[in-house]
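Breakdown of the fold
The lines below spell out each chain.
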Amino acid sequence: MHLERAQFPDDFVWGTATAAYQIEGAVREDGRGPSIWDTFSHTPGKTHGGDTGDTACDHYHLYREDVALMQGLGVNAYRFSVAWPRVFPDGRTLNPRGLEFYKRLADALLEAGITPWATLYHWDLPQALQNQGGWASRSVVDAFVRYADAVTRHLGSRVRHWITLNEPWVFSFLGHATGQHAPGVRNVPRAVQVTHHALLAHGRAVPVIRANVPGAQVGITNNYMPVEPFSATPADQAAARRLDGVFNRWFTDPLFGRGYPEDTLRLFRLGFPGFLQGPLFPPRVLPGDLEAIAAPLDFLGVNFYTRFVARARRGGQPLGTEQVRPEGEYTAMGWEVVPHALRDLLLRLHRDYAPKALLITENGAAYPDVLEQDAVHDPARTRYFQLHLAACLEAINAGVPLKGYFAWSLLDNFEWAEGYSKRFGLYYTDYPTQRRVLKDSGRWWREFLREGDRVGGR
């Protein structure tokens, strides 16, 4: 496949991405408090092999070396997350030592010619706030705004690009409905309420960030799961529509002033006979909430990994559907490789919502990597990136304002409930020694970005 950086706009953002709990380690240093993921991962049976993020990639101590790795790749941006419990260990009291780490990180990035993109929340809620109800309590909205205010006031001279939340669908439903993620709650009505508090926290934080950071670029990142019907039958079409409401439209319509989608609200109010036994209850929405959620965005972040092929099935899950797994290629996560779904998603978001800009804030793949003679040969991952970048290019050529792409991830890291059993990195992490080894896919990225520099004279 022939793909060149020069085919993309000159100002296109090329980056890698990580998250604090997945890479930092140092969970008890410099005043950091426990997060819900510390608690969850230390609970027997919650993560693969009982793995925790206590050390992870030790990025807290090795961040300068990791910035040098990014510089070696040739990326011009780095998306990281700030650990809320480093900044507010007890959920209330500011910890200056926690902020200092992110100042040092941002300075190192800027010195290397890499633009910092900061995510305020990538799932590591302070355990102290969870003890007070967490995202299920409306008080968390005020706590998040205080946190966003403090971080952006202190880092705003260094960081202009801000993402409020990462994947609210995941921490709402996997954290509060299925219990697969922290805090491990299994209460679907509570999960629905969490979705509203998350979006409200985002919306109320946006004007605070703008006030603190002149010229700030502010957005939110959703994980999108395109839902395709298995067949053209009305039942399969309706099943796909239901899932699309819960996966995608519920988290996007309110951001663009449309409120919550009525058909999904109806599901939550009434249930769905034969599919959803009894009501889930819609979230409690107060006057002014929807207006706050619809605060203007500079960009919409898109995390994309796969699609859902839906077939109607009475009593099936979720919402009267079953997932069909077509023949084809799958990653180590069991996710189908479907680059056309990314292209179609970008076209749909542009058509239906017309955001000022779109950015791929995560895209990547886990494969069963093996370190052999100081090398990792991962041709499937290289091809994965090539196919998805080609899909992005098709969308750009069709008029989509796609402004950047962040590869997930810079390093192999703690993959949440999967622990250290899954590897997404461009660099292989040898956890016992903390040595990083550039994979063949990373070498492809390096050459791809360097070739663009040579062609463009940059």
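If you're wondering where the values come from, they're calculated on a predicted model, not measured in any experiment.

1. Re the side chain of Asp66
- Along the chain, Asp66 falls in helix 3 (residues 59–73).
- When its relative accessible area of 0% is taken as the criterion, Asp66 is described as buried.
- Among all residues touching Asp66, those that are not within four sequence positions of it are His59, Leu410, Leu411 and Arg436.

2. Observations regarding the packing of helix 7 (residues 139–155) against helix 9 (residues 188–212)
- Here helix 7 crosses helix 9 at 30°, and the two axes come no closer than 9 Å. Between helix 7 and helix 9, the angle falls in the class roughly parallel. For the element pair helix 7 and helix 9, the recorded crossing hand is right-handed. Across from Val140, Val141, Asp142, Phe144, Val145, Ala148, Asp149, Thr152 and Arg153 in helix 7, the residues of helix 9 making contact are His197, Leu200, Ala201, His202, Arg204, Ala205, Val208, Ile209 and Asn212.
- A class-by-class count of the residues in the contact of helix 7 with helix 9 yields ten nonpolar, four polar and four charged.

3. Things to note about the nonpolar core
- With 149 residues, the main nonpolar core has Trp84, Trp135, Phe144 and Trp445 as its most contacted residues.
- By residue number, the principal contributor to this core is helix 9, which donates ten residues.

4. A closer look at the sheet that holds strand 7 (residues 299–304)
- The strand order around the closed barrel built from eight strands is 1-2-3-4-5-7-10-11, with neighbouring strands paired in parallel fashion. Averaged over all pairs of adjacent strands, the angle between their axes in this sheet comes to 25°, without regard to strand direction.
- Here three bridges tie strand 10 (residues 358–362) to strand 11 (residues 402–408), and the two strands are oriented parallel to one another. Among the inter-strand pairings, Leu359 is bridged to a residue of strand 11, identified as Gly404.
- Together, strand 3 (115–121), strand 4 (161–166) and strand 5 (217–224) form the strand contacts of helix 8 (residues 168–176), whose direction differs from that of strand 5 by roughly 45°.
- Seen against the sheet, helix 14 (residues 379–397) touches strand 1 (13–17), strand 7, strand 10 and strand 11 and runs at an angle of roughly 170° to strand 11.

5. Some details on the sheet that holds strand 6 (residues 227–229)
- Here we have three strands laid out as an open sheet, ordered 6-8-9, and mixed in their pairing. Sheet topology places strand 6 and strand 9 (321–324) at the edges, where each strand pairs with a single neighbour. Each adjacent strand pair in this sheet contributes to an overall mean axis angle of 45°, direction not counted.
- Its contacts with the sheet put helix 10 (residues 234–252) on strand 6, strand 8 (308–312) and strand 9, and the angle it makes with strand 8 is roughly 130°.

6. A look at the environment of Arg138
- Mapped onto the secondary structure, Arg138 falls in the loop between helix 6 (127–130) and helix 7.
- Since its relative accessible area comes to 30%, Arg138 is described here as partly exposed.
- C-alpha of Arg138 to C-alpha of Leu200: the two residues are 62 residues apart in sequence and 9.2 Å apart in space.
- Setting aside residues no more than four positions away along its own chain, Arg138 makes contact with His196, His197, Leu200, Arg284, Leu286 and Asp289.
- At 2.8 Å, the side chain of Arg138 and the side chain of Asp289 are in polar contact.

7. Here's the deal with the packing of helix 8 against helix 9
- As a packed pair, helix 8 and helix 9 sit with axes 8 Å apart at the nearest point and diverge in direction by 155°. Between helix 8 and helix 9, the interaxial angle falls into the category roughly antiparallel. Considering the relative orientation of helix 8 and helix 9, their crossing is right-handed. Contacts between helix 8 and helix 9 involve Pro168, Phe171, Ser172, Phe173 and His176 from the former and Val188, Ala191, Val192, Val194, Thr195 and Ala198 from the latter.
- Taken together, the residues that form the contact of helix 8 with helix 9 break down as eight nonpolar, three polar and no charged.

8. Some points on helix 9
- The terminal C-alpha atoms of helix 9 lie 36 Å apart, and with 25 residues this matches the ideal 36 Å at 1.5 Å per residue to within 8%.
- Along helix 9, the helix axis deviates most sharply at Ala205, where the bend reaches about 30°; the proline Pro207 sits within four residues downstream.
- Structurally, the start of helix 9 carries an N-cap: the backbone nitrogen of Arg190 is 2.9 Å from a side-chain oxygen of Asn187.

9. Structural notes on the packing of aromatic side chains
- What the rule picks out here adds up to 48 aromatic pairs.
- Ring centres of Phe256 and Tyr353 lie 5.3 Å apart, and the angle between their planes is 40°; this geometry places the pair in the tilted category. Here Tyr353 lies in helix 13 (residues 339–353) and Phe256 lies in the loop between helix 10 and helix 11 (262–270), a separation of 97 residues in the sequence.
- Judged by relative accessible area, which is 24%, Phe256 ranks as partly exposed.
- In this structure an aromatic cluster arises from ring pairing among Phe8, Phe12, Trp14, Tyr384, Phe385, Tyr405, Trp444, Trp445 and Phe448.
- The positively charged end of Arg311 is found above the aromatic ring belonging to Phe230, 4.6 Å away from the centroid.
- The ring of Tyr428 carries the charged tip of Arg423 above its face, separated from the ring centre by 3.9 Å.

10. Description of helix 8
- Extensive coverage of helix 8 is indicated by the burial of nine of its nine residues.
- At its buried positions, helix 8 is contacted by strand 3, strand 4, helix 9, strand 5 and helix 10.

11. Comments concerning the layout of surface pockets
- If you add up the space inside the largest pocket, you get close to 1400 Å³.
- As for the largest pocket, its lining consists of 49 residues, of which Trp169, Leu174, Gln180, Met225 and Phe247 are closest to the centre.
- Going through the elements one at a time, helix 8, strand 5, helix 10, strand 7, strand 8 and strand 9 are the ones with two or more residues in the lining of the largest pocket.
- A class-by-class count of the residues in the lining of the largest pocket yields 30 nonpolar, twelve polar and seven charged.
- Estimates place the volume of the second largest pocket at around 240 Å³.
- Together, Pro226, Val227, Glu228, Pro229, Gln237, Ala240, Arg241, Asp244, Ala341, Asp344, Leu345 and Arg348 line the second largest pocket.
- Only strand 6, helix 10 and helix 13 provide two or more residues apiece to the lining of the second largest pocket.

So, how was this worked out
Per chain, the residues get numbers from 1 upward, laid out in the order the sequence is written. The model is predicted, so local features are restricted to residues of pLDDT at least 70 and side-chain atom pairs to those at 80 or more, both for listing and for counting; the totals for chains, interfaces and linings are taken over all residues. In computing side-chain values, all of the structure's heavy atoms are included and hydrogens and water are not. Elements are defined by DSSP. Helices are runs of H or I of four residues or more, strands are runs of E of two residues or more, and each kind is numbered from the N terminus. Relative accessibility thresholds used throughout: buried, under 20% of the residue-type maximum; exposed, over 50%; partly exposed, between the two (1.4 Å probe, protein chains only). Pairs of residues are marked as contacts when any of their non-hydrogen atoms sit within 4.5 Å. Interaxial angle, 0 to 180 degrees, is taken between N-to-C directions of lines fitted to C-alpha atoms, where a helix line uses only the stretch in contact. Roughly parallel refers to an angle under 35 degrees, roughly antiparallel to one over 145, roughly perpendicular to one between 65 and 115, and oblique to any angle outside these ranges. Rotating anticlockwise by less than a right angle from the far helix to the near helix defines a left-handed crossing, while the corresponding clockwise rotation defines a right-handed one. Side-chain classes follow a simple rule in which Ala, Val, Leu, Ile, Met, Phe, Trp, Tyr, Cys and Pro form the nonpolar group, Asp, Glu, Lys and Arg form the charged group, and the remainder, Gly included, forms the polar group. Residues enter a nonpolar core if they are buried and are Ala, Val, Leu, Ile, Met, Phe, Trp, Tyr or Cys, with the set joined through side-chain atoms within 4.5 Å. Following DSSP output, two strands are said to pair if at least two bridges run between them. Polar contacts here mean pairs of N or O atoms no more than 3.5 Å apart (in protein, one a potential hydrogen donor and the other a potential acceptor; neighbouring residues in sequence count only if both atoms are side-chain atoms). Here, expected helix span is obtained from the residue count minus one, scaled by 1.5 Å. Throughout, the bend at a residue refers to the angle made by two axes, fitted to the seven residues ending there and to the seven starting there. What counts as a ring pair is set by centres within 6.5 Å for rings of Phe, Tyr and Trp (its six-membered ring), and what kind of pair is set by the plane angle: stacked under 30 degrees, edge-to-face over 60, tilted for all other angles. A positively charged side chain is recorded as over a ring if its NZ (Lys) or CZ (Arg) lies within 6 Å of the ring centre. The angle to the ring normal must also be within 35 degrees. Space inside and on the surface of the protein is sampled on a 1 Å grid over the protein atoms alone, with a cavity defined as a set of points where a 1.4 Å probe fits but cannot get out and a pocket as an open set with protein on both sides within 12 Å along at least 5 of 7 lines; lining residues have an atom within 4 Å of a point. Grid points are joined across faces, edges and corners, and a volume is the space filled by probe spheres set on the points.

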